[in-house]
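# Overview (structure and organization)
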Amino acid sequence: MNFSVLTAHRAAFANHLISGIIWGIFYFVVMLLLTNNVKSIFDWSKEEILLLAAILAIMIGIFNALFQANFDSFPNLVNKGKLDSYLLKPIDSQLILTMWNIKFFSLTRSLIGVIFIWYLTVYYHITFSWLGFAYAIPFMILGLGLYYSIWSIITTLTVWFDRATNIIELLHSLQGIMRMPPVVFREVNVVLYMAVLPLTIIAATPVGLVLKKSSASNLIILTVTSIIFMVACRKFWLFALRSYTSASS
């Protein structure tokens, strides 16, 4: 169904493809400009920060393709009373609400991220282990699960605050935090550091594994945090449904 919608109109197909490529390129141009006069950030070199941005782009591209459009529309579904029709379908409500619309064009961001990694190896001569990439894939999946859980928990709040449709803008702004390694925030307030820690380890831990910078404790922290948040987002969703009043009531 999603693929049929994608290919229904040629002009729309070309427009989405071109815009996806432009946004992907713009992201990396911005990163190159921001790091132009920077040699290192704490113990992360400029090249490693750029690699972090590239792998994050791959992860965000996958996340946006599978989930983002669904999370973006969720507050309006609650606000306009359209959530009822999803709850009546013979399928898990959380699954159908977060994976109903698939945006294939978002994968162009992931593709450009792969191309940018090749660019880093050719022009910046950054060295890493491709075997490390293979080891990092399960932790990238865990990171995506953690990111999904954060989005799910925050958007579920609209069950109670149905007019808070702009909460999505807050979630989009969180991606800026994910581009930085956790060490950047260690000098700030402890409470703030703990608040942003789940976001900073989503991509930094798999990248650290590729660069041989992640210790066993880093991998354990990401694994445990991801599991806790995934269980919490499921429990929170079921709890929220008990408080949901349909459009008719």
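Residues numbered from 1 in each chain as written. Predicted model: local features only at pLDDT ≥ 70, side-chain atom pairs only at ≥ 80, totals over all residues. Heavy atoms only, no water.

## Focus on helix 6 (residues 107–123)
Given a rise of 1.5 Å per residue, 17 residues ought to cover 24 Å, and the 24 Å separating the end C-alpha atoms of helix 6 matches this to within 8%. Of all the positions in helix 6, only Thr108, Arg109, Ser110, Ile112, Gly113, Phe116, Ile117 and Leu120 are classed as buried. The inward-facing, buried residues of helix 6 abut helix 2 (10–34), helix 3 (46–79), helix 7 (130–156) and helix 9 (175–178). Of the residues one or two after helix 6, histidine 125 is the one with positive phi, at around 55°. (Helix = DSSP H or I, 4+ residues; strand = E, 2+ residues; numbered from the N terminus. Expected span 1.5 Å × (residues − 1). Buried < 20%, exposed > 50% of the residue type's maximum accessible area, 1.4 Å probe, protein only. Contact = heavy atoms within 4.5 Å.)

## A look at the packing of aromatic side chains
Under the counting rule described, the total for this entry stands at 17 aromatic pairs. Ring geometry for phenylalanine 63 and tryptophan 151: centres 5.5 Å apart, planes at 55°, overall tilted. Of this pair, phenylalanine 63 sits in helix 3 while tryptophan 151 sits in helix 7; the two residues are 88 residues apart in sequence, bridging distant segments of the chain. For phenylalanine 63, a relative accessible area of 0% translates into the label buried. Centre to centre, the rings of tryptophan 160 and phenylalanine 236 are 5.5 Å apart; their planes meet at 40°, and the pair counts as tilted. A residue pair is termed long-range when its members are at least 10 positions apart, and tryptophan 160 in the loop between helix 7 and helix 8 (167–173) and phenylalanine 236 in helix 11 (residues 216–243) qualify at 76 residues. Phenylalanine 236 sits in the partly exposed class, given a relative accessible area of 22%. Aromatic rings pair up to connect Phe63, Phe67, Phe71, Tyr147, Tyr148 and Trp151 into one cluster. Above the ring of tyrosine 27, the side-chain terminus of arginine 109 is found at 4.7 Å from the ring centroid. (Phe/Tyr/Trp six-rings, centres within 6.5 Å; stacked < 30°, edge-to-face > 60°. Lys NZ or Arg CZ within 6 Å of the ring centre and 35° of its normal.)

In short, shape yes, function no, at least from these values alone.
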